[in-house]
Amino acid sequence: MTVSAPGVSCDPRAGNNKAYKVFLYGKGAGANPSQLLAEVQVPVEADGAFTVTLTVPADAAPGGALIYVDGSNFDGKNCGGDCVVYSSSLVIGAG
């Protein structure tokens, strides 16, 4: 699957040589996604744009899943109260 975000016209403070980590979590025994299925590091353009391909493991259980992107200057670590999160819910189908 492809995960991407377009560039933005405001200053995303991505800078040069910035990289994000993209995680794919599958639902575990609890109500929240908890099983790490994939983790990929992706380079980010100065305008914040990125594109990465994630491979869903063949043995991933069907059901709910979550994609989460970490490393943005606005993702809750040092955002000065203006935090956002790159994430998306999805469903993994039976093979």
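Residues numbered from 1 in each chain as written. Predicted model: local features only at pLDDT ≥ 70, side-chain atom pairs only at ≥ 80, totals over all residues. Heavy atoms only, no water.

Participant: An account of the overall build of the protein chain is needed here, citing residue identities and associated values.
Facilitator: In terms of regular secondary structure, the protein chain is built from zero helices and six strands. Put simply, the protein chain runs from its N terminus to its C terminus through helices and strands in the order β-β-β-β-β-β. Scored against the burial criterion, the 95 residues of the protein chain give a buried share of 29%. Within the protein chain, counting contacts between residues at least 6 apart in sequence, those at least 24 apart form 58% of the total. Working note: accessible area of the protein chain is about 5,800 Å², and carbon and sulfur atoms make up 50% of it. (Helix = DSSP H or I, 4+ residues; strand = E, 2+ residues; numbered from the N terminus. Buried < 20%, exposed > 50% of the residue type's maximum accessible area, 1.4 Å probe, protein only. Contact = heavy atoms within 4.5 Å. Areas by Shrake-Rupley, 256 points an atom, 1.4 Å probe, with all protein chains shown as cover.)

Participant: Give me the nonpolar core: which residues, what numbers.
Facilitator: Generally speaking, a soluble globular protein has its nonpolar side chains buried in company with each other. Ranked by size, the top nonpolar core spans 17 residues in total, and within it V3, Y20, V22, L24, V42, F50 and L54 carry the most contacts. Listing elements by their share of this core, those giving two or more residues are β1 (2-5), β2 (18-27), β3 (33-44), β4 (50-53) and β5 (63-70). Broken down by element, the residue count for this core peaks at four residues, all from β3. (Core = buried A, V, L, I, M, F, W, Y, C linked by side-chain atoms within 4.5 Å.)

Participant: Could you give an account of the packing of aromatic side chains, naming the residues involved and the relevant values?
Facilitator: One pass over the full model with this rule turns up three aromatic pairs. An angle of 80° between the planes, with centres 5.5 Å apart, marks the rings of Y20 and F50 as edge-to-face. Here F50 lies in strand β4 and Y20 lies in strand β2, a separation of 30 residues in the sequence. Look at F23 and Y25: their rings are 6.0 Å apart centre to centre, the planes differ by 25°, and that puts the pair in the stacked class. On the accessibility criterion, F23 (11% relative accessible area) is buried. (Phe/Tyr/Trp six-rings, centres within 6.5 Å; stacked < 30°, edge-to-face > 60°.)

Participant: Would you mind going over the confidence of the model for the protein chain in detail, with residue names and values included?
Facilitator: Chain-level statistics for the protein chain give a pLDDT mean of 79 and a share of 73% at 70 or above. By mean pLDDT, the top-scoring element of the protein chain is β4 (92), and the lowest-scoring one is strand β6 (residues 86-92) (85). (pLDDT = per-residue confidence, 0-100.)

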